Each structure stands twice: as C-alpha cells, then as structure tokens.
Amino acid sequence: MAWSLSRSELHRLFRLQLYVHIYSRNKKMSRSKTNMEEVKVIGFWASPYVYRVTWALNLKGVKYEYQEEDIFNKSGLLLQYNPVHKKVPVFVHGGKLIAESSVILEYIEETWPQNPLLPTDPHARAMARFWTKFRDDKKPDLYGFFKRAGEEQIQAAKEAQECLKILEEHGLQEKKFFDGDKIGMTDLSMGWLAFWFEAMEEAAGVQVLEANSFPRLHAWIRNFKEVPVVKENHPDQTRLLAYFKWLREMYTKPATT
Amino acid sequence: MAKNDVKLIGAWPSPFVLRARIALNVKSVEYEFLQETLEPKSELLLRSNPVHKKIPVLLHNDKPICESLIIVEYIDEAWASGPSILPSDPYERAIARFWAAYVDERWFPAMKGILGAQDDAARMAAVGQVTEGLVLLEEAFQKISKGKSFFGGDHIGYLDIAFGGFLAWIRVTEGMGGIKLLNETKTPGLLKWAEKFAADPAVKDVLPETQKLAEFSKIIIAKLRAAAAAKAK
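Residues numbered from 1 in each chain as written. Chains lettered and ligands numbered in written order. Predicted model: local features only at pLDDT ≥ 70, side-chain atom pairs only at ≥ 80, totals over all residues. Heavy atoms only, no water.

So, on to the layout of surface pockets. When its volume is computed, the second largest pocket comes out at roughly 960 Å³. Lining the second largest pocket are 39 residues, with Ile95, Trp99, Ala140, Lys143 and Ile144 of chain B positioned closest to its centre. Those elements giving two or more residues to the lining of the second largest pocket turn out to be helix H3 (76–81) and strand S4 (96–99) of chain A together with helix H4 (90–115), helix H5 (120–145) and helix H6 (158–164) of chain B. The dominant element in the lining of the second largest pocket, judged by the number of residues it contributes, is H4 of chain B, at seven residues. (1 Å grid on protein atoms, 1.4 Å probe; cavity = no way out; pocket = protein on both sides within 12 Å on 5 of 7 lines; lining within 4 Å. Points joined across faces, edges and corners; volume = space filled by probe spheres on them. Helix = DSSP H or I, 4+ residues; strand = E, 2+ residues; numbered from the N terminus.)

With that settled, consider the interface of chain A and chain B. Of the residues lining the interface, 25 residues belong to chain A; the matching set on chain B comes to 23 residues. Here chain A and chain B share an interface that buries about 2300 Å² over both sides, 68% of which is from carbon and sulfur atoms. It is Val84, His123 and Phe130 of chain A that lose the most area in chain A upon contact with chain B, and together they represent 25% of the buried surface on that side. At the surface where chain A touches chain B, the tally comes to seven salt bridges. In this structure, arginine 97 of chain B and glutamate 106 of chain A form a salt bridge, with 3.5 Å as the shortest nitrogen-oxygen distance. At the junction of chain A and chain B, the tally comes to ten residue pairs in polar contact (both at pLDDT 80 or more). Broken down by element, the side of chain A that touches chain B gets its largest block of residues, ten residues, from helix H5 (residues 122–137) of chain A. Residues belonging to the side of chain A that touches chain B are distributed by class as follows: twelve nonpolar, four polar and nine charged. (Contact = heavy atoms within 4.5 Å. Buried area = accessible area lost by both parts, 1.4 Å probe. Salt bridge = Lys/Arg side-chain N within 4 Å of Asp/Glu carboxyl O. Polar contact = N/O pair within 3.5 Å; in protein donor to acceptor, adjacent residues only side chain to side chain. Nonpolar A, V, L, I, M, F, W, Y, C, P; charged D, E, K, R; others polar.)

Moving on, we get to H5 of chain B. All names here are of chain B. If you check H5, its first and last C-alpha atoms are 36 Å apart, about what 26 residues at 1.5 Å a residue would give, namely 38 Å. If you check which residues of H5 are buried, you get Ala126, Val127, Val130, Thr131, Gly133, Leu134, Leu137, Glu138, Ala140, Phe141 and Ser145. Each element contacted by the buried residues of H5 is listed here: H4, H6 and helix H8 (188–199). Here H5 starts with a cap whose side-chain oxygen sits 3.2 Å from the backbone nitrogen of alanine 121, and that cap is aspartate 119. With its phi angle positive at about 50°, lysine 146 sits one or two positions after the end of H5. (Expected span 1.5 Å × (residues − 1). Buried < 20%, exposed > 50% of the residue type's maximum accessible area, 1.4 Å probe, protein only.)

Further remarks concern the packing of aromatic side chains. Taken as a whole and judged by the stated rule, the model has 39 aromatic pairs over all chains. Ring centres of phenylalanine 146 of chain A and tyrosine 251 of chain A lie 5.9 Å apart, and the angle between their planes is 85°; this geometry places the pair in the edge-to-face category. Of this pair, phenylalanine 146 of chain A sits in helix H6 (residues 139–147) while tyrosine 251 of chain A is found in helix H11 (residues 237–252), placing the two residues 105 residues apart along the sequence. The class for phenylalanine 146 of chain A is buried, based on a relative accessible area of 3%. Note on tyrosine 251 of chain A: relative accessible area 38%, which makes it partly exposed. Seen in terms of ring centroids, tryptophan 99 of chain B and tyrosine 102 of chain B are 5.3 Å apart; in terms of plane orientation they differ by 75°. Their pairing is edge-to-face. Note that tryptophan 99 of chain B and tyrosine 102 of chain B are positioned in helix H4 at a spacing of three residues, about one turn of the helix. One exposure class covers both tryptophan 99 of chain B and tyrosine 102 of chain B, and it is buried. In this structure an aromatic cluster arises from ring pairing among Phe16, Trp107, Phe108, Phe141, Phe151, Phe163, Phe166, Trp193 and Phe197 of chain B. (Phe/Tyr/Trp six-rings, centres within 6.5 Å; stacked < 30°, edge-to-face > 60°.)

Cis geometry marks the peptide bond from valine 88 of chain A to proline 89 of chain A; its omega dihedral reads 0°. With respect to the element layout, proline 89 of chain A can be found in the loop between H3 and strand S3 (90–93). Residues isoleucine 55 of chain B and proline 56 of chain B are joined by a peptide bond in cis, for which omega reads 5°. Note on placement: proline 56 of chain B falls in the loop between helix H2 (43–48) and strand S3 (57–60).

All names here are of chain B. With their axes 9 Å apart at the nearest point, helix H7 (residues 167–177) and helix H9 (residues 210–232) run at an angle of 75° to one another. Classified by the angle between their axes, H7 and H9 sit roughly perpendicular to one another. Along the contact surface, H7 presents Ala168, Trp169, Arg171, Val172 and Met176, while H9 presents Thr210, Leu213, Ala214, Phe216, Ser217, Ile220 and Ile221. By residue class, the composition of the contact of H7 with H9 is nine nonpolar, two polar and one charged. (Axes fitted to C-alpha atoms, helices over the stretch in contact; angles between N-to-C directions. Parallel < 35°, antiparallel > 145°, perpendicular 65-115°, else oblique.)

A few words on the pattern of salt bridges. Enumeration according to the criterion identifies 26 salt bridges over all chains in this entry. Between glutamate 215 of chain B and lysine 218 of chain B there is a salt bridge, with the nearest N and O atoms lying 3.2 Å from each other. Taken together, the positions of glutamate 215 of chain B and lysine 218 of chain B, both in helix H9 and three residues apart, correspond to about one turn of that helix. Judged by relative accessible area, which is 52%, lysine 218 of chain B ranks as exposed. Because the salt bridges share partners, they merge into one network encompassing Glu106, Glu110, Arg125 and Arg129 of chain A together with Glu73, Glu77, Arg93 and Arg97 of chain B.

Function-wise, these values are silent; they only describe arrangement.
Quick look at the structure:
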C-alpha cells in the first residue's frame, strides 16, 4: 500500500532526518574525539608500574607520548601532576590527569574497550582485581629480601616465598596466564615477576623464585615474555641489573654515625 | 532474589564490612549477615577467604568475593539495574577510585596510628597526619561534589561508601581524644557531608552507634598498642 505524505510532512521528515544525522555525527565525533585526544605517560624506565600502563596501551593499539622522569630528582612537573603521591606513572588524557597504576589501567580499559583486559563476568573481574591488589599489598614482603642482608635476608626470602606460593597455587593455578588463555590486567600487574624479580635476586645474591619450587610461575614467566607487546617493550636486562646493584648498595650501606 | 543467595561474612564494628553492607543496601539486596567473632575464625571464613582469612567476604550463589572495595565494585556490577554506585564517566570513576585507594593506603594507617599511640607525642603526630589527610579529602570533596551533598552527587556513591565506612570510628576517635577531626575550620564540607551520610537510608541502620563502638574500641586499642610495643622492641 502506498504511503503518501503531504509536502509539509515531507519537509518535517526531511528536517528530522537531518537533525538525527547531525546529532549522531557529532556524537560519533565526540566519541572518537575523546579517544583521539592526546595521550601521555609520565614514567621512569625501571618502573614495573609504568610498564603495566604502556603494555596496556600497546595491547589496545593506543598511541601515546612517553615522558621520562628521574624519580631520584623529581621535576616540578611530577610534583604538580601528582601532588598526593609524587610518583610515576602519571597518565594524561586530553588534559585529564590520573595517578596510581591500577586506577589508570581501569580507566584505559573503560576508555578503549578493544582487546579487553578484564573479563565480562563480575565475579571473574573481582578475582582479577583481587590478585592485582594482593601483589601490590604484599610488596613489602615480596621486596624485603632485596633490602636486607644476612639472617634478616634469609627470613625475608622465606616471607617472599610464602607470597609467591599463594600466587602459584591460588592465583595462577593450572592456567597459562593469570587471566586465562590470554593476558589481561592481572598478568600486566604481575609483569614485575618476569623481568624485575630475577634482576633483584641477582643483585641481592639470593635465589627466591626457584624453578623446582615454582614450576607454574616459571612457565608463566616464559609465556609472558613471548607475548608480542611484552617482547617488543620491556626494560633492558643489563641496565636493570646495574640499577638494582646500585640500589642494593644504597640499602645495605652501613649507617654512618 | 532469594535471601540465602547472598551472604555477607562480617562483624558490626568493621568499617570494611560496613562498606559492603551500605553497598548492598543501596541496591536493596536482601542478604544474610553472618556475624564473625573472629576468635576463632569460622570454617566458612577460612574456606571462603583462604588467602587473607579476613572479613568482609561476600558470598553470592556460594562464590566468594573478598576485599571491601572489590566487593563494592562487584555489587555495582552484579546488580547493574539498581542505582549506580560508581559514576558513569571513566574519568570520574578514576577520581573516585584514586581517593578510595588513598583512604585505604595513606589515611587509614594514620587513623590506626592514633588508636595505637603509645604516648601523647605519638598520638599528636598521628592526629597531625590524619588531619592533613582530611584537609586533602575536603579539597577533593569540594571539587568532586560540585556543590551537592555527597561525593557521588545527589546520592551516595563509591567514594562516600569508601570513606564513610570510617565515620563511626572517626567519631569514636574524636570522643577519645577530645579532638574534632571533622570541624568547621578545616573541613566544613566534610562536616556537613558526615551528617547527611549518617542519615542516609542505606547507612543509618547499619552505622555502628558511637557509644557502643567506643566500648568495643578499648579491645582494639589494647591490641594495637601491644602490637606497636612488640614492634618497637
């Protein structure tokens, strides 16, 4: 059945279509404009927390500008950008500043949903966040062996191993990655195990993550290092070792009276 | 949803448990509250949170979720049709998460410092740190609330819940030391916020009574002081 419209109805329909077209074009532009706004990461080459952010951006194909900050000589910019904690990474997106790596990762995930780092199921998301928090909360226990010597170091190494056992048996379990078959937010947060930990062990002259005691974590490290965005972007091992040796000297220097 | 699909393992004095209770109330979720004495910890708690053995633990269809702020986000996502707890804009969400992390990692340890202080000098130092933190939170409140009643705007949200969980403890600490942590001079916004938060329907029936908590706090203080003394040796 033909549907005929009067001239004025046609005009009204045409105007409506035009408005809808302009509105949706503007919406698309502002969405893509948000995604296209300038992205900057302020970091320090030896920070695993900075790498969490840059790996996430690379996984999602987001272009960004990187600005190196000397954390031992903090610039006015860093103090201005992150006055509360004065730490890296700081993430800048279209003039908006965000600090704290786990907060930045969630923001990246929400702003650029491609190649998701978190599962969709709420319980699985809660578990991913749980393990990132575990790793960050246990930092003193995990790093303690690096700062100590002698008997204290042996005790600290045992504490680190207890945490690593929990990661191996409860966190990773039988999975290839913490987040399943592909890497996700948790794996990025555990990235420090893949490169930094062995450099810290070598600098401190102690083996904590033994292959026999932690076969799954060792397998995870091998798999993680093979992931393209990780393979293409990680700290230089020689430079990292030199850095940790220097840090170790500072921590274990006898106090001057 | 049947009441026994949702259980919360907790204890009434805990500010972390309170966060979970308020979030469930915001979403009008019926749940069974399983009170822990923590001495000893129940089998269910040890089984549900083997890593930390701590409360709160949310059990949703027998699946455990641990860590209070993670539980709050879970509640927001699992009951997505209810009022939103986190803001919808990614940047506003980041700001809320940033300050909630600040409360847990910087501000709360300073609060414990007041309660566990061995002497007046230590207590004064801790009060100073807590006050500095509250001034930062006041600034944050002014920026984030944009003149409205709560961090979350017209309704309580993630950051209100994260910080508000500590309100009863703030009042107990004020009573103990004869100090005003929230005051007209340094934190006028937070002072008004506190009254509104405490009166919110999702909060008022679960916020511990200050007097009851003050009595309970004597046990906690003794433990904190003993721990601090042991550490000092």
